[in-house]
Amino acid sequence: MSPAEPGGLRLVSDPWDADRISDLLSRLRPPLTSHPCCYSWPCAVPNIGPKNILSLGSSSLRVDAVLGQGAFATVFQATNPATSDRMVLKVQKPANPWEFYINTCLDARLPPSVRHLLGSIRSAHLFLDGSIMLGELHNYGTLLNAVNLFRAQSDKVMPPPLVLHFAICILHTVEQLHAAHIIHADIKPDNFLLGERCGGVWQTNGIFRR
């Protein structure tokens, strides 16, 4: 870590450093695991796949389908059979408690009028070798999906008015994050989920705070 910069800020050479993130989380008072929506389990992440029934505490969820897969996470759609409520399960290996911590920062710092612009995590389940985040299900895909749809058309480009709309939504969201002293370090089309209000919501992976 470098000496303090003007304004009391410090430059960090590698904000992704696992040891630094672990150290920051260990200093939280009260600890993150005291949050009512954060659960710790003394076992490995259970096997999860389509048509499986997943038990998380008092809840049982039916895993419906795989929505996406990356280097560190697989995203599933799931349904609570008791309520028919659909949601997203984000299964991460190794565990990523930082993502849930950032979610709590968003809840605390963003005005209710703009909180919907960022994805919300309902609960975090931390296991010995990974984590499961339960989140909102958005049925309209990502900005990358939208771009690819237009690429398949004869013009192969998104109409300029729609490009301008999405650009304004993205810039507005960035402005709200920066005003809350939060930085998103992974801005890309497939991290922008399309929703019903103001174009979409962002996933919270890749977000840092100061």
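Residues numbered from 1 in each chain as written. Predicted model: local features only at pLDDT ≥ 70, side-chain atom pairs only at ≥ 80, totals over all residues. Heavy atoms only, no water.

**Looking at the environment of Leu-28**
Turning to step 1, where the next piece is worked out: The residue Leu-28 is located in the loop between helix H1 (18-26) and strand E1 (38-40) in this model.
Turning to step 2, where the next piece is worked out: By relative accessible area, Leu-28 is classed as buried at 17%.
Turning to step 3, where the next piece is worked out: Along the chain, Leu-28 and Tyr-101 lie 73 residues apart, while their C-alpha atoms are 9.8 Å from each other. (Helix = DSSP H or I, 4+ residues; strand = E, 2+ residues; numbered from the N terminus. Buried < 20%, exposed > 50% of the residue type's maximum accessible area, 1.4 Å probe, protein only.)

**A short note on the sheet that holds E1**
Turning to step 1, where the next piece is worked out: Read from one edge of the open sheet, 7 strands run E1-E6-E7-E5-E4-E3-E2, paired in mixed fashion. At either margin of the open sheet sits one strand with a lone partner, and together these are E1 and strand E2 (53-56). The average undirected angle you get between the axes of adjacent strands in this sheet is 30°.
Turning to step 2, where the next piece is worked out: The pairing of strand E6 (residues 121-126) with strand E7 (residues 131-135) spans 5 bridges and is classified as antiparallel. When the bridges of E7 are listed, Leu-126 appears paired with Ser-131.
Turning to step 3, where the next piece is worked out: Across the sheet, helix H2 (residues 97-109) is in contact with E1, strand E5 (85-92), E6 and E7; its angle to E6 comes to roughly 150°. (Pairing = 2+ DSSP bridges. Axes fitted to C-alpha atoms, helices over the stretch in contact; angles between N-to-C directions. Contact = heavy atoms within 4.5 Å.)

**With respect to the confidence of the model for the protein chain**
Turning to step 1, where the next piece is worked out: Overall, the predicted model of the protein chain reaches an average pLDDT of 87, with 89% of residues at or above 70.
Turning to step 2, where the next piece is worked out: Taken as a whole, residues 1-6 scores under 50 in pLDDT and shows 11 contacts with residues more than four places along the chain or in a different chain.
Turning to step 3, where the next piece is worked out: pLDDT under 50 marks residues 204-210. Its contacts with residues more than four places away, or in other chains, come to 38 contacts. (pLDDT = per-residue confidence, 0-100.)

**Concerning the pattern of salt bridges**
It is possible for side chains bearing opposite charge to pair when their charged atoms get close.
Turning to step 1, where the next piece is worked out: Under the definition given, this model contains 7 salt bridges.
Turning to step 2, where the next piece is worked out: Linking Arg-27 and Asp-23 is a salt bridge whose minimum nitrogen-to-oxygen distance equals 2.6 Å.
Turning to step 3, where the next piece is worked out: Assessed through its relative accessible area of 33%, Asp-23 is described here as partly exposed. (Salt bridge = Lys/Arg side-chain N within 4 Å of Asp/Glu carboxyl O.)

**Let's talk about helix H5 (residues 160-179)**
Turning to step 1, where the next piece is worked out: End to end, H5 covers 28 Å across 20 residues, agreeing with the expected 28 Å (1.5 Å per residue, within 8%).
Turning to step 2, where the next piece is worked out: Of the residues making up H5, those classed as buried are Phe-166, Cys-169, Thr-173, Val-174, Gln-176 and Leu-177. Taken end-on, H5 shows its buried residues confined to a sector of 160°, consistent with a single buried face. Along H5, the residues that are exposed and aim more than 90 degrees away from the buried face are Pro-160, Pro-161, Leu-164, Ile-168, Leu-171, Glu-175 and Ala-179.
Turning to step 3, where the next piece is worked out: Positive phi appears at His-181, one or two residues downstream of H5, with a value of about 60°. (Expected span 1.5 Å × (residues − 1). Arc of directions from axis to C-beta.)

**Concerning the nonpolar core**
As a rule of thumb, nonpolar side chains are buried together in soluble globular proteins.
Turning to step 1, where the next piece is worked out: Counting 22 residues, the largest nonpolar core has Leu-25, Leu-32, Phe-100, Tyr-101 and Leu-106 as the members making the most contacts within it.
Turning to step 2, where the next piece is worked out: Looking at this core, the elements that each hand over two or more residues are H1, H2 and E6.
Turning to step 3, where the next piece is worked out: The element that contributes the greatest number of residues to this core is H2, accounting for 6 residues.
Turning to step 4, where the next piece is worked out: Taken together, domain 1 (18-136) and domain 2 (141-202) each give at least three residues to this core, which thus spans both. (Core = buried A, V, L, I, M, F, W, Y, C linked by side-chain atoms within 4.5 Å. Domains from an automatic or database assignment.)

**A word on unusual backbone geometry**
Turning to step 1, where the next piece is worked out: A cis geometry characterises the amide bond from Arg-29 onward to Pro-30, with omega recorded as 0°.
Turning to step 2, where the next piece is worked out: Considering the arrangement of structural elements, one finds Pro-30 in the loop between H1 and E1.
Turning to step 3, where the next piece is worked out: Cis peptide bonds are those with omega within 30 degrees of zero, and the linkage from Lys-93 to Pro-94 qualifies with 0°.
Turning to step 4, where the next piece is worked out: Here Pro-94 shows up in the loop between E5 and H2.
Turning to step 5, where the next piece is worked out: The phi dihedral of Ser-84 falls on the positive side, at around 65°, and the residue is not glycine.
Turning to step 6, where the next piece is worked out: Owing to a relative accessible area of 55%, Ser-84 belongs among the exposed residues under this scheme.
Turning to step 7, where the next piece is worked out: Its identity as a non-glycine residue notwithstanding, His-181 has a phi of 60°, on the positive side.
Turning to step 8, where the next piece is worked out: By the secondary structure assignment, His-181 is in the loop between H5 and strand E8 (182-184).

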